Amino acid sequence: MALLPILEFPDPRLRKVAVDVVQINDDTRQLAKDMLETMYHAPGIGLAASQVNVHQRVVVIDVSEDGDDPRVLVNPSWEPLTDEVQSYQEGCLSVPEFYDDVARHSKIQLCAFDENGETISEQAEGLFAVCIQHELDHLNGKLFVDYLSRVKRDRIRKKLEKKHRDEAKDALYEARAKIDEEAQA
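As the structure is a prediction and not an experimental result, all values here were calculated from the model.

Concerning the environment of Ala 183
So, point 1. Looking at where Ala 183 falls in the secondary structure, it is placed in helix α3 (residues 150-184).
So, point 2. With relative accessibility at 65%, the residue Ala 183 sits in the exposed group.
So, point 3. Sequence separation between Ala 183 and Lys 158 is 25 residues, and the spatial gap between their C-alpha atoms is 37 Å.

Written out as structure tokens, the structure reads:
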């Protein structure tokens, strides 16, 4: 297994719409394993393949208290089972350190395949339903910040752009210092 780099907002690759997985095979299963390892390491409760720059309709989720109930969803879809919505404070591995309330359908019908190609059809509610809706948004090129006001979204964008610039500068300084050390050795 391998840790995969997670794309961060406002990276335009997060806006790309994922395509259906045509055949569930060993590559699909390996992607799911790597995504689970990445999600647990981050740490998070859900991760869409789009977030790791693989634009296929694959999602991993684990909303259990102990992190011991990993779910792999291939070509997932959902339908609302009620008009009732509930607000949850959401965060996102692609929008680190930012959280805000987002209203989502409280009860949904999930349809997908698991990593072995077995059909999944179940009702979901609560945090599981919220997580499904959040991750499937990623597959459609949408982020939770899209539900926020333009002012909040722009503020988050600016802060993350500054963070990315600072990280790039730090990496450049470290690379220069290493070159200097090697030149003096």
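There is more to say, and it comes next.
Quick look at the pairing of strand β5 (residues 95-105)
In the case of a regular strand, side chains alternate between the two sheet surfaces.
So, point 1. Bridging between strand β4 (residues 85-92) and β5 involves seven bridges; their strand directions are antiparallel. Considered in β5, the bridge of Ser 87 is made with Ala 103.
So, point 2. Linking β4 back to β5 in an antiparallel pair, the connection comprises two residues.

Overview of the environment of Ser 87
So, point 1. With respect to the element layout, Ser 87 can be found in strand β4.
So, point 2. A sequence separation of 13 residues divides Ser 87 from Asp 100, and the C-alpha atoms of the two residues are 9.5 Å apart.
So, point 3. The residues touching Ser 87, leaving out its near neighbours within four places in the chain, are Asp 101, Val 102 and Ala 103.

Some points on the nonpolar core
So, point 1. In terms of nonpolar packing, the biggest core is built from 16 residues, with Val 59, Ile 61, Leu 73, Leu 110 and Ile 132 touching the most fellow members.
So, point 2. Those elements giving two or more residues to this core turn out to be β2 (58-61), β6 (107-113), β7 (119-125) and α2 (126-139).
So, point 3. Leu 110 has contacts with Leu 73, Pro 76, Ser 77, Ile 120, Ser 121, Glu 122, Phe 128 and Ile 132, leaving out every residue within four places of it along the chain.

Focus on the sheet that holds β2
So, point 1. Ordered in space as β1-β2-β3-β6-β7, the five strands form an open sheet in which the pairing is antiparallel. For this open sheet the edge positions go to β1 (46-48) and β7, each flanked by a neighbour on one side alone. Ignoring which end each strand starts from, the neighbouring axes of this sheet average 40° apart.
So, point 2. With respect to the sheet, helix α1 (residues 26-41) is in contact with β1, β2 and β3 (71-80), its orientation differing from that of β2 by roughly 40°.

A short note on α3
So, point 1. Helix length check: α3, at 35 residues, gives a terminal C-alpha distance of 51 Å against a target of 51 Å (1.5 Å per residue), a fit within 8%.
So, point 2. Among the residues of α3, Arg 153, Ile 156 and Leu 160 are the ones counted as buried.
So, point 3. On its buried face, α3 sits against β5.

Topic: α2
So, point 1. If you check α2, its first and last C-alpha atoms are 21 Å apart, about what 14 residues at 1.5 Å a residue would give, namely 20 Å.
So, point 2. Taking burial as the measure, the 14 residues of α2 include 13 buried ones, the bulk of the element.
So, point 3. Once α2 ends, the next one or two residues include Gly 141, with phi positive near 80°.

As for the side chain of Arg 104
So, point 1. By the secondary structure assignment, Arg 104 is in strand β5.
So, point 2. Of the residues examined, Arg 104 reaches a relative accessible area of 4% and is grouped as buried.
So, point 3. Engagement of the side chain of Arg 104 in a polar contact is seen with the side chain of Glu 90, the distance being 2.8 Å.
So, point 4. Reaching out from Arg 104, the side chain makes a polar contact with the side chain of Asp 137 at a distance of 2.7 Å.
So, point 5. Excluding residues within four positions of it along the chain, Arg 104 makes contact with Glu 84, Val 85, Gln 86, Glu 90, Val 130, Gln 133, His 134, Asp 137, Phe 144 and Tyr 147.

Some details on a negative patch on the surface
So, point 1. Taken together, the side chains of Glu 65, Asp 66, Asp 68 and Asp 69 make up a negatively charged region of the molecular surface.
So, point 2. Relative to the elements of secondary structure, Glu 65 occurs in the loop between β2 and β3.
So, point 3. Residue Glu 65 is classed as exposed on the basis of its relative accessible area of 81%.

Analysis parameters
Residues numbered from 1 in each chain as written. Predicted model: local features only at pLDDT ≥ 70, side-chain atom pairs only at ≥ 80, totals over all residues. Heavy atoms only, no water. Helix = DSSP H or I, 4+ residues; strand = E, 2+ residues; numbered from the N terminus. Buried < 20%, exposed > 50% of the residue type's maximum accessible area, 1.4 Å probe, protein only. Pairing = 2+ DSSP bridges. Contact = heavy atoms within 4.5 Å. Core = buried A, V, L, I, M, F, W, Y, C linked by side-chain atoms within 4.5 Å. Axes fitted to C-alpha atoms, helices over the stretch in contact; angles between N-to-C directions. Expected span 1.5 Å × (residues − 1). Polar contact = N/O pair within 3.5 Å; in protein donor to acceptor, adjacent residues only side chain to side chain. Patch = residues over 30% accessible without salt bridge, like charges linked within 9 Å, V, L, I, M, F, W, Y side chains within 5 Å. Areas by Shrake-Rupley, 256 points an atom, 1.4 Å probe, with all protein chains shown as cover. Salt bridge = Lys/Arg side-chain N within 4 Å of Asp/Glu carboxyl O. Lys, Arg positive; Asp, Glu negative; His and termini not counted. Charge placed at Lys NZ, Arg CZ, Asp CG, Glu CD.

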